[in-house]
Amino acid sequence: MDIKDKNILIVGLGVVGGSYAMALTAAGYKNVYAVNRSEASLKKAVQAGIVKGGSVNIEDFAAKADIAVIAVYPTGAEECARKLGALMKKGSLVTDVLGIKRYYSEKISAVLPDYIDYVPAHPMAGREKRGLDYASADVLKGANFIITPITRSTPGGIDAVKTLACDMGFGKIRTLTPEEHDRVIAYTSQLPHALAVSLINSDEEDSGTGDFIGDSFRDLTRIAEINADLWQELFIGNGENLIAAIDMFTAQLSAIRKAVEEKDRESLVKQFEKSSARRHSLIKK
């Protein structure tokens, strides 16, 4: 059976889950279904043709799903997987969109029967807003996609997840261990959010700052308008790696502070040149 003819079940129609549904349907997947807590969002998704059908009850679609995507908050993923594991058929596939991997992949794997394949993944795309109203297939276009296989992940399952990612329009697809993923993501995703929040909150209240901001401030603080419920889970769930990233950043910021305090122009120039070259090499890849 062609993968586009398979039954795809997306559990959670938030920004990422909703964007998956839109992208898969637009790519020609004929049987995309959804489970979501909000009946209003489900109705909207069905009426808009984003999904073929939907329900607030996972039992209504799990048994016939060939592929299920767990797109809920991390702390709800284990229970979601438990319900899927009790209902999905032999040879079916479960994947996810969780932003941290080691801890939750272990939890999910532990409640899924051996006859269900499991391939964790992390789409590096999203928005600061929450809910289906802010979902868009465009947000996935060209974005990075990380697959974090575990011991039980089969080559066929990994290939299927790669195919889904390609069909949805993702750009670079990379494979990392869950441990490598969490270490890298602490720096590339969680630390920037921590910095944006800290920068916004370091300003004096009622200072009139809004009258004086430029593009640099807008760019640096865009992600400070944060989904608080989700990101507190991500920060705490990857706390050890995030703390290490914060400590490394603090050391660099302290070096700049020291150079400014000591009027060390040479040190500042070296740091600026290093950062310029480093960013160029990272963005160019």
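Here goes a summary of the coordinates provided. Being a predicted model, the structure only gives us computed values, none of them experimental. Each chain has its residues counted from 1, running along the sequence as written. Totals for whole chains, interfaces and linings use every residue, but because this is a predicted model, local features are given only for residues with pLDDT of at least 70 and side-chain atom pairs only at 80 or more, for both listing and counting. Working from all heavy atoms in the structure, the side-chain values ignore hydrogens and water.

1. A look at the packing of helix α6 (residues 178-201) against helix α8 (residues 228-237)
Moving on, step 1. Here α6 crosses α8 at 120°, and the two axes come no closer than 11 Å. As summarised for this structure, α6 and α8 are arranged oblique, according to the angle between their axes. In the crossing of α6 with α8, the sense of the turn from one axis to the other is left-handed. Along its contact with α6, which presents Ser189, Gln190, His193 and Ala194, the element α8 presents Trp231, Leu234 and Phe235.
Moving on, step 2. Polar here means any residue outside two lists: the nonpolar Ala, Val, Leu, Ile, Met, Phe, Trp, Tyr, Cys and Pro, and the charged Asp, Glu, Lys and Arg; Gly therefore counts as polar. Residue composition of the contact of α6 with α8, grouped by class: 4 nonpolar, 3 polar and no charged. In this description, a line fitted to the C-alpha atoms serves as the axis of each element, helices being fitted only across the stretch in contact, and the angle between N-to-C directions of two axes falls anywhere from 0 to 180 degrees. Numbering of helices and strands starts at the N terminus; helices are DSSP runs of H or I of at least 4 residues and strands are runs of E of at least 2. Note that the term roughly parallel is reserved for angles under 35 degrees, roughly antiparallel for angles over 145, roughly perpendicular for angles of 65 to 115, and oblique for everything else. Crossing handedness: left-handed means the near helix sits turned counterclockwise from the far one by under a right angle, and right-handed means the same turn made clockwise. Only heavy atoms matter for contacts: two residues are in contact if any of them lie within 4.5 Å across the pair.

2. A word on the nonpolar core
Moving on, step 1. Each nonpolar core is a collection of buried residues, namely Ala, Val, Leu, Ile, Met, Phe, Trp, Tyr and Cys, held together in the definition by side-chain atoms within 4.5 Å. Here's how the labels work: a residue is buried when its accessible area is under 20% of the maximum for its type, exposed when over 50%, partly exposed in between, all with a 1.4 Å probe on protein chains only. Counting residues in hydrophobic clusters, the biggest one holds 38 residues, and the most contacted among them are Ile10, Tyr20 and Phe170.
Moving on, step 2. Every element with two or more residues in this core is listed here: β1 (7-11), α1 (15-26), β2 (31-35), α2 (39-47), β4 (67-70), β8 (145-147) and α5 (155-168).
Moving on, step 3. By residue number, the principal contributor to this core is α5, which donates 6 residues.
Moving on, step 4. Not counting chain neighbours up to four residues away, the residues in contact with Tyr20 comprise Ile10, Val69, Val97, Pro123, Leu140, Phe145, Met168 and Phe170.

3. Points about the side chain of Ser19
Moving on, step 1. Assignment of secondary structure puts Ser19 in helix α1.
Moving on, step 2. You can call Ser19 buried: its relative accessible area is 0%.
Moving on, step 3. A polar atom in the side chain of Ser19 sits 2.5 Å from the backbone oxygen of Val15.
Moving on, step 4. Excluding anything up to four places from it in sequence, Ser19 contacts Gly14, Ala135, Ser136, Ala137, Val139 and Leu140. We define a polar contact as two N or O atoms separated by no more than 3.5 Å, with the added condition that, inside protein, one atom must be a possible hydrogen donor and the other a possible acceptor, whereas residues neighbouring each other in sequence contribute only through side-chain atom pairs.

4. What to know about the sheet that holds β8
Moving on, step 1. Between any two strands, at least two bridges found by DSSP are needed for them to pair. Strand order in the open sheet formed by 3 strands is β7-β8-β9, with mixed pairing between adjacent strands. Each edge of the open sheet carries a strand with a single partner, namely β7 (121-123) and β9 (173-175). Looking at each pair of strands side by side, their axes are set apart by 15° on average, direction ignored.
Moving on, step 2. The pairing of β7 with β8 spans 3 bridges and is classified as antiparallel. Along β8, the bridge assignment pairs Pro123 with Phe145.

5. A closer look at the pattern of salt bridges
Moving on, step 1. The salt bridge definition used is simple: a Lys or Arg side-chain nitrogen within 4 Å of an Asp or Glu carboxyl oxygen. Under the criterion given, the structure shown has 10 salt bridges.
Moving on, step 2. Residue Lys101 is joined to Asp96 by a salt bridge in which the shortest nitrogen-to-oxygen separation is 2.3 Å.
Moving on, step 3. Among the residues examined, Lys101 registers a relative accessible area of 0% and is labelled buried.
Moving on, step 4. A salt bridge links Arg218 to Asp215; the shortest N-O distance between them is 3.3 Å. In this pair, Arg218 and Asp215 are both assigned in helix α7 (residues 215-221), 3 residues apart and thus about one turn of the helix distant.
Moving on, step 5. The partly exposed category is assigned to Arg218, whose relative accessible area is 45%.
Moving on, step 6. On the accessibility criterion, Asp215 (57% relative accessible area) is exposed.
Moving on, step 7. Salt bridges here are not isolated pairs; linked through shared partners, they connect Glu78, Glu79 and Arg82.

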